[in-house]
2 protein chains.
Amino acid sequence: MHNINLFIPNSFLAETNDLKIKTYKVGIISRALAVFRIKNVIIYKDNSFNDENGIKDAKFIETVLNYMNTPQYLRKRAFPIQSDLRHVGILPPLRTPHHPTDNSPQKGDYRQGFTVKRNNKGTFVDIGMDKLAFCKEQLSVNKIFSFKVTKIAKEIIVTPDEPDDIYWGYKTINKNDGLKKSLNKFDPNLVVITTRYAETINSIFDELRYKINKSNNIAIVVGGPYSSVENDYSDFKWESIEINTIPEQGTQTVRTEEAVVATLSLFNILLTD
Amino acid sequence: MHNINLFIPNSFLAETNDLKIKTYKVGIISRALAVFRIKNVIIYKDNSFNDENGIKDAKFIETVLNYMNTPQYLRKRAFPIQSDLRHVGILPPLRTPHHPTDNSPQKGDYRQGFTVKRNNKGTFVDIGMDKLAFCKEQLSVNKIFSFKVTKIAKEIIVTPDEPDDIYWGYKTINKNDGLKKSLNKFDPNLVVITTRYAETINSIFDELRYKINKSNNIAIVVGGPYSSVENDYSDFKWESIEINTIPEQGTQTVRTEEAVVATLSLFNILLTD
């Protein structure tokens, strides 16, 4: 099992001022993460982007990504009304296993739950059923965790747990760090930098397949409209490889969300049998 | 040089009622066509989709695709104000060679032009300069053609011509035909049907590479939310191959525009060196 972590710049919404379109663009990223089963998405600070806007946009990207990764039945609890979420009605659902649409889980099912309140015996958890489930551990309240349903009777009992054989959503990380500092926390085996100025992916296809198959923690970095990636990683301490994932692109520029889908599609076939 | 023709269903906007988002979704397709240098895009009739909505949506898709493929300097002339184009302000530019941003072409340059009026000596053409150019052929008026600038003096002379070594945009075809009838007009060497129920692209990567490299006219078919492709092509007279271009997809469904970018990305690396 390979962990793929996608690094996107906080600048990638800068091309539009329309909040509905900004929302939809983040939705495209979220869908791509789920379609291609990406573990973590890291929003890094593009040094060429205005700091103030960068912090604001990063927060917006983080909020919408978290919203989309949250199952429908927990969204009202987890996200109070806020202006960043004004246009979430246009976002497509993920339709992943961690977003079940029925409200009657069976014993043994996994569910995301929202910790509503706690007493000295444990924590009451909303797992999208008519009544709250109970977890015999004292968890932080007002947070989302994953649970396994261990008993369904008069009481519904859950324990913190997550399946390891099916895709269970992504985690969004936003620390307003530059690319290098963001990478540091992941300490990847391999950093893949996508840039149109590198060799094309097909010219190094076999080399790349070999490299990624021996790496279990891979960072894929895409650039933004200001494209500062190239200057940033000259002294990386990780094994890194630059590739052009869109040989002979017909347009002068490729947008971040386009590069994400195009690149993850290629890595998907490199990583599956 | 391989001609890739992309077949998309008229139903692919059915998931949303928001005209701005419908517009943006067509924009994603248009950008993908240009990024991956696709020759023709054919809107086929999804038989499972409501006929009336299908005709309306197909017309909308056609209009927005044509609008995006038209250089900025001709859009006002070529597209009278209409409700389908209410939200074109949010569309990204293609930034292709056939959309030059300067207004001073040189002799030998290619330009798209709009035929404004005609006399018995030829046709006046708007190629985005301060004054109209003249073409010594009698062309239909109020249409867009490609020209080569052959003389720049007191008069600017152009002749109908198109470069064959650079990507020069796509052509949109919308005849409200079903998939089979739409394919008939292209008579492709190879029809590629994308469906999650087929073998994965990586399991037949070399076979596929061989097949597409001996085909100069390839049809790539993507489905829509009603996904009627599978039932449609059992008695195709063309060589055809079914593939799953998104092995182990993490979501229950993949949207048409996602499938388009993911699939064209893979074909791009199969077709470039």
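Residues numbered from 1 in each chain as written. Chains lettered and ligands numbered in written order. Predicted model: local features only at pLDDT ≥ 70, side-chain atom pairs only at ≥ 80, totals over all residues. Heavy atoms only, no water.

## Quick notes on the nonpolar core
Okay, step 1: If you look at the biggest cluster of nonpolar residues, it comprises 110 residues, and the most contacted ones within it are Leu6 and Ile8 of chain A together with Leu6 and Ile8 of chain B.
Okay, step 2: The residues contacting Ile8 of chain B, other than those within four sequence positions of it, are Ile29, Val41, Ile42, Ile43, Tyr44, Ile61, Val222 and Val260 of chain B. (Core = buried A, V, L, I, M, F, W, Y, C linked by side-chain atoms within 4.5 Å. Buried < 20%, exposed > 50% of the residue type's maximum accessible area, 1.4 Å probe, protein only. Contact = heavy atoms within 4.5 Å.)

## A word on helix α5 (residues 205-213) of chain B
Okay, step 1: All of the buried residues along α5 of chain B are Phe205, Leu208, Lys211 and Ile212 of chain B. Axial view of α5 of chain B: buried residues confined to an arc of 130°, hence all on one face. More than 90 degrees from the buried face of α5 of chain B, the exposed residues found are Asp206 and Tyr210 of chain B.
Okay, step 2: Turning to α5 of chain B, the residues buried within the fold contact α5 (205-213) and α7 (256-271) of chain A together with β9 (190-194), β10 (217-221), β11 (240-243) and α7 (256-271) of chain B. (Helix = DSSP H or I, 4+ residues; strand = E, 2+ residues; numbered from the N terminus. Arc of directions from axis to C-beta.)

## Observations concerning unusual backbone geometry
Okay, step 1: Backbone geometry places Asn176 of chain A, a non-glycine residue, at a positive phi of 55°.
Okay, step 2: By the secondary structure assignment, Asn176 of chain A is in strand β8 (residues 171-178).
Okay, step 3: For Arg37 of chain B, which is not glycine, the phi torsion reads 55° and is therefore positive.
Okay, step 4: Tracing the chain through its elements places Arg37 of chain B in the loop between α1 (19-35) and β2 (40-45).

## Comments concerning the packing of aromatic side chains
Okay, step 1: On inspection of all chains with the given rule, the structure shows 12 aromatic pairs over all chains.
Okay, step 2: Taking 5.2 Å as the distance between ring centres and 65° as the angle between the ring planes, the aromatic pair formed by Tyr67 of chain B and Phe79 of chain B counts as edge-to-face. Placement of Tyr67 of chain B in helix α2 (residues 51-69) and of Phe79 of chain B in the loop between α3 (72-78) and β3 (110-119) is noted, with a sequence separation of 12 residues between them.
Okay, step 3: A relative accessible area of 13% places Tyr67 of chain B in the buried class.
Okay, step 4: Here Phe124 of chain B and Phe134 of chain B contribute two aromatic rings whose centre-to-centre distance is 4.9 Å and whose plane-to-plane angle is 65°, an arrangement assigned as edge-to-face. Here Phe124 of chain B, found in strand β4 (residues 122-126), pairs with Phe134 of chain B, found in strand β5 (residues 133-135); they are 10 residues apart in sequence, far enough to count as distant.
Okay, step 5: The residue whose ring lies beneath Lys117 of chain A is Phe124 of chain A, and the NZ or CZ to ring-centre distance is 5.3 Å. (Phe/Tyr/Trp six-rings, centres within 6.5 Å; stacked < 30°, edge-to-face > 60°. Lys NZ or Arg CZ within 6 Å of the ring centre and 35° of its normal.)

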